[in-house]
Amino acid sequence: MTKTRALRRLRRPLLAGMAALAMLLPATTRAEADLLDLGKYRGKVVYVDFWASWCGPCKLSFPFMQQLAARYPAGDVAVVTINLDRQRPAAEAFLRQVHGTLPVVYDPAGSLAKTWKVADMPTSLVFDRKGTMRFRHQGFFPGKAAEYEGHIAQLVREK
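Residues numbered from 1 in each chain as written. Predicted model: local features only at pLDDT ≥ 70, side-chain atom pairs only at ≥ 80, totals over all residues. Heavy atoms only, no water.

A.B. asks: Is there a simple way to think about the state of the cysteines in this case?
C.D. replies: What is meant by a disulfide is a covalent connection between two cysteines, made through their sulfur atoms. This structure, assessed with the given rule, holds one disulfide. The disulfide that involves Cys 55 links it to Cys 58, with 2.4 Å between the sulfurs. Where Cys 55 bonds to Cys 58 through sulfur, the torsion about that S-S bond is close to 85°, and the disulfide is right-handed. Cys 58 carries the same exposure label as Cys 55, and that label is buried. (Disulfide = S-S within 2.5 Å. Buried < 20%, exposed > 50% of the residue type's maximum accessible area, 1.4 Å probe, protein only.)

A.B. asks: It is not clear to me how the packing of aromatic side chains should be interpreted in this structure. Could you clarify?
C.D. replies: The way to describe two aromatic rings as a pair is by their centre distance and the angle between their planes. Scanning the model with the defined rule gives eight aromatic pairs in all. For the ring pair Phe 62 and Phe 94, a centre distance of 5.4 Å and an interplane angle of 75° mean the geometry is edge-to-face. Of this pair, Phe 62 sits in helix α4 (residues 56-71) while Phe 94 sits in helix α5 (residues 88-98), placing them 32 residues apart in sequence. Residues Phe 64 and Phe 140 carry aromatic rings whose centres are separated by 5.5 Å and whose planes lie at 40° to one another, so their mutual orientation is tilted. Of the two residues, Phe 64 sits in helix α4 while Phe 140 sits in the loop between β5 (133-138) and α7 (145-157), which places them 76 residues apart along the sequence. With respect to class, Phe 64 is no different from Phe 140; both count as buried. One aromatic cluster is present, built from ring pairs that chain together Tyr 47, Phe 64, Phe 140 and Tyr 148. (Phe/Tyr/Trp six-rings, centres within 6.5 Å; stacked < 30°, edge-to-face > 60°. Helix = DSSP H or I, 4+ residues; strand = E, 2+ residues; numbered from the N terminus.)

A.B. asks: Got a minute to help me understand the sheet that holds β5 in this structure?
C.D. replies: The strands making up a sheet associate through hydrogen bonds between their backbones, and the pairing can be parallel or antiparallel. Here five strands make up an open sheet; going across it, the order is β3-β2-β1-β4-β5 and the pairing mixed. Strand pairing shows two members of the sheet lacking a second neighbour, β3 (104-106) and β5, which therefore form its edges. Going from strand to strand, the sheet's axes swing by 20° on average, the running direction of each strand aside. Lying on the sheet, α5 is in contact with β1 (45-51), β2 (77-83) and β3; it crosses β3 at an angle near 160°. (Pairing = 2+ DSSP bridges. Axes fitted to C-alpha atoms, helices over the stretch in contact; angles between N-to-C directions. Contact = heavy atoms within 4.5 Å.)

A.B. asks: What's the story with the side chain of Asp 107 in this structure? I'm lost.
C.D. replies: Considering the arrangement of structural elements, one finds Asp 107 in the loop between β3 and α6 (111-115). No salt bridge is formed by the buried Asp 107; its nearest oppositely charged neighbour, Lys 114, is found at 7.8 Å. From its side chain, Asp 107 meets the backbone nitrogen of Ser 111 in a polar contact 3.0 Å long. (Lys, Arg positive; Asp, Glu negative; His and termini not counted. Salt bridge = Lys/Arg side-chain N within 4 Å of Asp/Glu carboxyl O. Polar contact = N/O pair within 3.5 Å; in protein donor to acceptor, adjacent residues only side chain to side chain.)

A.B. asks: Looking at this model, I keep getting lost on the packing of α4 against α5. Mind explaining?
C.D. replies: Each pair of packed helices can be summarised by the angle the axes make with each other and by the distance between the axes. The contact between α4 and α5 brings their axes to 10 Å, and the two run at 60°. Overall, the two elements α4 and α5 adopt an arrangement that is oblique. As for the relative orientation of α4 and α5, their crossing is right-handed in sense. Contact residues: α4 offers Cys 58, Lys 59, Phe 62 and Gln 66, while α5 offers Phe 94, Leu 95, Gln 97 and Val 98. Residues that form the contact of α4 with α5 fall into these classes: five nonpolar, two polar and one charged. (Parallel < 35°, antiparallel > 145°, perpendicular 65-115°, else oblique. Left-handed = near helix turned anticlockwise from the far one by under 90°. Nonpolar A, V, L, I, M, F, W, Y, C, P; charged D, E, K, R; others polar.)

A.B. asks: Please explain the nonpolar core as it appears in this structure.
C.D. replies: Side chains of nonpolar character tend, in soluble globular proteins, to be buried together. Residues Tyr 47, Phe 50, Trp 51, Phe 62, Met 121 and Ile 152 are the most contacted members of the largest nonpolar core, which totals 46 residues. When near neighbours in sequence (up to four residues on either side) are disregarded, Met 121 contacts Phe 50, Trp 51, Ala 52, Trp 54, Cys 55, Pro 57, Cys 58, Leu 84 and Gly 139. (Core = buried A, V, L, I, M, F, W, Y, C linked by side-chain atoms within 4.5 Å.)

A.B. asks: I would appreciate a short explanation of the pattern of salt bridges in the present structure.
C.D. replies: Pairing of side chains with opposite charge becomes possible as their charged atoms draw close. This model, assessed by the stated rule, comprises six salt bridges. Measuring nitrogen to oxygen at the nearest pair gives 2.5 Å for the salt bridge that ties Glu 149 to Arg 71. One end of the pair, Glu 149, is in helix α7; the other, Arg 71, is in helix α4, with 78 residues separating them in the sequence. Taking the shortest distance from any N to any O, the salt bridge between Asp 128 and Arg 134 comes out at 3.1 Å. For Asp 128, a relative accessible area of 9% gives the class buried.

Shown next, in the form of structure tokens:
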């Protein structure tokens, strides 16, 4: 695959991802089913974070994401997290520990991670208002928090 073709695939519209989300993850509750439809975030900058309870850097990323969600009006930025734990109780214990309040989609089979070629924990995909993936953060490094925030701010300014 050429570099140009690979870049086009990375920047595929969010709509393609929404279809993959809806097809690959069986929703066990109505709330989870609603979270699968990222179309409801159309017109917003969307920060999608893949995480697991066993991931040390994930514990560091949650306060950043919660601050990010609180910093921007709900009409501008949406933060959605995708948990990859095979055992949901482990994920729920993690969320209690980090006082997680963000929306969570549970993906115990890792189907969504495979779709988006997620290999590192955490991995964040940042989509612009048109649904195009513009940034991919592999891992979470507190020293790069300003850079991550800058990516969000840049996309928020693009109306």
